[in-house]
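# Structural overview for review
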Amino acid sequence: MRRRLPAAALALGIVLALLAAAPALAAGYRYWSFWDGATGGQWSYASQGPSLARPADGSVQGFRFAVSKDAATEAAKPRAAADFEAVCGATAPAEGRKRVALVIDFGVQADAPSGEVVPQEAPRTACAQVAPEATTAEALAAVAKPLRYNSAALLCAIAGYPQHGCGEQIAETGAAEASAEPSGSAPGGGGPSAGLLVGIAAVAFLAAAGVWQSRRRRR
């Protein structure tokens with residue numbers, strides 16, 4: 001039993017080290033989410049990116065800028081209905097072209113990056129008339145330039161908003177952490193974090209305490 005004390009202390013110390021070194025829980029990401037218009041004016045989280053999606057004539061596509069989870073059940077939806085007639089009803093069909101209704105929701109000021117202002121409070125709508133084979137990204141470019149993408153083809157800005165950043169991870173305190181690339185690359189660092197150093201110290205302390213207690217009982 002006495003021989004197990006140092007090992008138990010070491011195991012406990014390792015657990016504390018891992019907890020200390022773990023990053024802060026993230027509330028979500030600040031990004032443009034992409035949505036497909038569904039039946040009844042509802043929205044469904046798009047299964048592919050706007051550069052790959054090729055909507056049919058009469059489709060509704062939505063975008064929402066917000067701090068939210070990157071998941072269908074938790075991401076913030078556009079605050080306007082997915083209503084094709086409301087957006088494109090006044091745009092006459094044209095031969096060799098398709099009409100795509102776009103809802104662009106710039107979100108709320110609370111989700112805006114530091115130093116930036118939401119371009120408009122209410123969602124913007126536009127009817128894009130594009131070639132039949134055009135992607136959603138091409139339809140968006142036709143009505144809401146300038147667009148900005150990062151090196152991984154992630155949509156970072158619509159109509160120039162926001163001017164900086166792209167998919168930043170947001171901690172629960174509301175402060176933006178390092179930019180989160182889709183590849184999952186972590187920000188570079190010059191050495192171990194403070195949390196990791198605390199954890200290592202905890203390992204050493206508890207291991208030493210276990211050895212000391214074991215020797216004391218042997219006397």
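The model shown is predicted, which means the values in this text are computed figures rather than measured ones.

Moving on, we come to the state of the cysteines. A disulfide bridge is the covalent bond that connects two cysteines by way of their sulfur atoms. A complete count under the given rule lists two disulfides for this structure. Across the disulfide from Cys88 sits Cys127; the S-S distance is 2.1 Å. Taking the torsion about the S-S bond as the criterion, the Cys88 to Cys127 disulfide, at about 110°, is right-handed. Of this pair, Cys88 sits in helix H2 (residues 84–88) while Cys127 sits in strand S5 (residues 124–130), and the two are 39 residues apart along the sequence. Neither residue differs from the other here; Cys88 and Cys127 are each classed as buried. Paired through a disulfide, Cys156 and Cys166 show a sulfur-sulfur distance of 2.0 Å. Taking the sign of the S-S torsion, -75° for the link of Cys156 and Cys166, the bridge is left-handed. Separated by ten residues along the polypeptide, Cys156 in strand S7 (residues 155–157) and Cys166 in the loop between S7 and strand S8 (168–171) bring together distant segments of the chain. Assigned by exposure class, Cys156 and Cys166 land together as buried.

In regular strands, side chains alternate between the two faces of the sheet. Most of strand S4 (residues 98–105) is tucked away: eight of the eight residues are buried. The two faces of S4 match: Lys98, Val100, Leu102 and Ile104 on one face and Arg99, Ala101, Val103 and Asp105 on the other face are all buried. Examined bridge by bridge, strand S3 (residues 59–68) and S4 share six bridges and lie parallel to one another. Opposite Gln61, over in S4, you have Leu102 as the bridge partner. Two strands pair when backbone bridges link them, and S4 and S5 are joined in this way by seven bridges, in the antiparallel orientation. Paired with Ile104 across the two strands is Arg124, which belongs to S5.

Definitions and cut-offs
- Residues numbered from 1 in each chain as written.
- Predicted model: local features only at pLDDT ≥ 70, side-chain atom pairs only at ≥ 80, totals over all residues.
- Heavy atoms only, no water.
- Disulfide = S-S within 2.5 Å.
- Helix = DSSP H or I, 4+ residues; strand = E, 2+ residues; numbered from the N terminus.
- Buried < 20%, exposed > 50% of the residue type's maximum accessible area, 1.4 Å probe, protein only.
- Pairing = 2+ DSSP bridges.

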